[in-house]
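Structural features, examined
Each chain is listed here by its residues.
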Amino acid sequence: MNLHFQHLPNNFLLSLLQEPGFSEALAYLVDFKNYTDLKIIPKAHSIELSNTEIVLSIIIYSGFELNEHAELSGRKNVHLVCFSNVIPEMLEFKGMHIKYVDKLAWFFTIMSTSKVEYVQKLNLLRNLRID
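Residues numbered from 1 in each chain as written. Predicted model: local features only at pLDDT ≥ 70, side-chain atom pairs only at ≥ 80, totals over all residues. Heavy atoms only, no water.

1. Quick word on the environment of Leu 17
Basically, it comes down to this: Strands are runs of DSSP state E lasting at least 2 residues, helices are runs of H or I lasting at least 4, and numbering of each runs from the N terminus. Throughout, a residue-residue contact means that at least one pair of heavy atoms, one from each residue, lies within 4.5 Å.
Secondary-structure assignment places Leu 17 in helix H1 (residues 8–17). For the pair Leu 17 and His 7, spaced 10 residues apart in the sequence, the C-alpha separation amounts to 16 Å. Those residues in contact with Leu 17, other than ones at most four positions away along the chain, are Ser 23, Leu 26, Ile 40, Ile 47, Leu 49, Ile 58 and Trp 106.

Spelled out as C-alpha cells, the structure:
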C-alpha cells in the first residue's frame, strides 16, 4: 500500500475509496444518485472523489478550510463529507455545510449496491431468518 497520509487509517480509507464499488456507494449515500467513473484524488487535508457530475471532498484534517475549500468554489454539485461526528462541530469549519456519514451506513450501502456476486450473497445473509 502506497502511503500518502501520516495516519494509517486515512491511508486505508484512500485504499478503500479506490475500489469503484466503495466510492460509488459513498456518492450514492451522499446524493442519492448513481455515479460512476469517480476519480480519487488524495490532497493534503482531504480526499476528493469527482467526475463531471459530482464532487465529494472527504475532510480528514483541519487545514482543509484554509486551502482546499477555496478550490471548490465555482464547481457544481459539491459535497463536503466527513466520517467523524466531531468535524462538523469544530470552530474551523463553522459556516460550512459538512455531511457526516456513518461508517456503518456506508458499509450497508456498499453491501446493498454491490454488483459483486460474493458481496450480494453476503447481503442475503444479512436478511436471512432462521427460526
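Moving on from the model shown.
2. Things to note about the pattern of salt bridges
If the charged atoms of two oppositely charged side chains come close together, the side chains can form a pair. Note the cut-off: Every case where a carboxyl oxygen of Asp or Glu lies within 4 Å of a side-chain nitrogen of Lys or Arg is listed as a salt bridge. Accessibility here uses a 1.4 Å probe with only protein chains present; expressed as a share of the type maximum, an area under 20% marks a residue as buried, one over 50% as exposed, and anything in between as partly exposed.
Under the defined criterion, the tally for this structure stands at four salt bridges. The partner of Glu 48 in a salt bridge is Lys 43, and the shortest N-O contact between them spans 3.2 Å. The exposure class assigned to Glu 48 is buried, which follows from its relative accessible area of 2%. With its nearest N and O atoms 3.1 Å apart, the salt bridge here joins Arg 75 to Glu 48. In this pair, Arg 75 sits in the loop between helix H3 (68–71) and strand S4 (78–82) while Glu 48 sits in strand S2 (residues 46–50), placing the two residues 27 residues apart along the sequence. By relative accessible area, which is 35% here, Arg 75 ends up partly exposed. Salt bridges sharing common partners tie together Lys 43, Glu 48, Glu 71 and Arg 75.

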